[in-house]
Amino acid sequence: MFYVNGSPSITLNPFNAMKLLSALRHIFQGKYVEALKHYLEALHIGEKTDDISGQYNVIRSMANMSETYYLIGNHSQALHYAEQALEVYENQKGEPIKYILPQIYYIIGAVRLD
C-alpha cells in the first residue's frame, strides 16, 4: 500500500511489484538490458489495469525506463520515456502522485544538458 497525502491509495499488483524489484536487482548488477525487459513487462501490466494503481505503474515504469536508458547513454530513448511519463502524469485521474515528478524532470533536464 502506498500513501498519497497521508492516505492509503495505491495497491501494487503483485506481478508488477515483482517485475519492478527484478528490474532493480538487474540495475544493481549493471545488467541494464535485462532491467529494461522487466520495466517493459511492468509497463504492460500497468496498461492493463484501469485504475490509479495502473496509472502509477505506467508512470513509474516509464520513468524507470527513462533513467535506465540515460544510464546506458541512449539519450533519445531516455527523453522519449520521460516525456511519455510526464504526459501520462499530466492526464492521470484522481489524486496526482507528485513524488514521481522529480525523477521525470531530472532525466529531461539531464538529457537536455548533455
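Below or above, wherever it landed, is the structure these notes cover. This one's a predicted model, so the numbers in the text were calculated from it and none came from an experiment. (Residues numbered from 1 in each chain as written. Predicted model: local features only at pLDDT ≥ 70, side-chain atom pairs only at ≥ 80, totals over all residues. Heavy atoms only, no water.)

## Some thoughts on the packing of aromatic side chains
Two measures describe an aromatic ring pair: the distance that separates the ring centres and the angle between the ring planes. In the structure shown here, the tally under the stated rule is one aromatic pair. Taking the centre distance of 5.8 Å and the plane angle of 5 degrees together, the rings of Tyr 69 and Tyr 81 count as stacked. With a gap of 12 residues between them, Tyr 69 in helix H3 (residues 52–71) and Tyr 81 in helix H4 (residues 75–90) connect regions that are remote in the sequence. (Phe/Tyr/Trp six-rings, centres within 6.5 Å; stacked < 30°, edge-to-face > 60°. Helix = DSSP H or I, 4+ residues; strand = E, 2+ residues; numbered from the N terminus.)

## Focus: the packing of H3 against H4
Between H3 and H4, the shortest axis-to-axis distance is 7 Å and the interhelical angle comes to 160 degrees. Judged on the interaxial angle alone, H4 and H3 are roughly antiparallel. Crossing hand, H3 versus H4: left-handed. Here Val 58, Ile 59, Met 62, Ala 63, Met 65, Ser 66, Tyr 69 and Tyr 70 of H3 come into contact with H4, specifically with His 75, Gln 77, Ala 78, Tyr 81, Ala 82, Gln 84, Ala 85, Val 88 and Tyr 89. Residue classes in the contact of H3 with H4 are distributed as 13 nonpolar, four polar and no charged. (Axes fitted to C-alpha atoms, helices over the stretch in contact; angles between N-to-C directions. Parallel < 35°, antiparallel > 145°, perpendicular 65-115°, else oblique. Left-handed = near helix turned anticlockwise from the far one by under 90°. Contact = heavy atoms within 4.5 Å. Nonpolar A, V, L, I, M, F, W, Y, C, P; charged D, E, K, R; others polar.)

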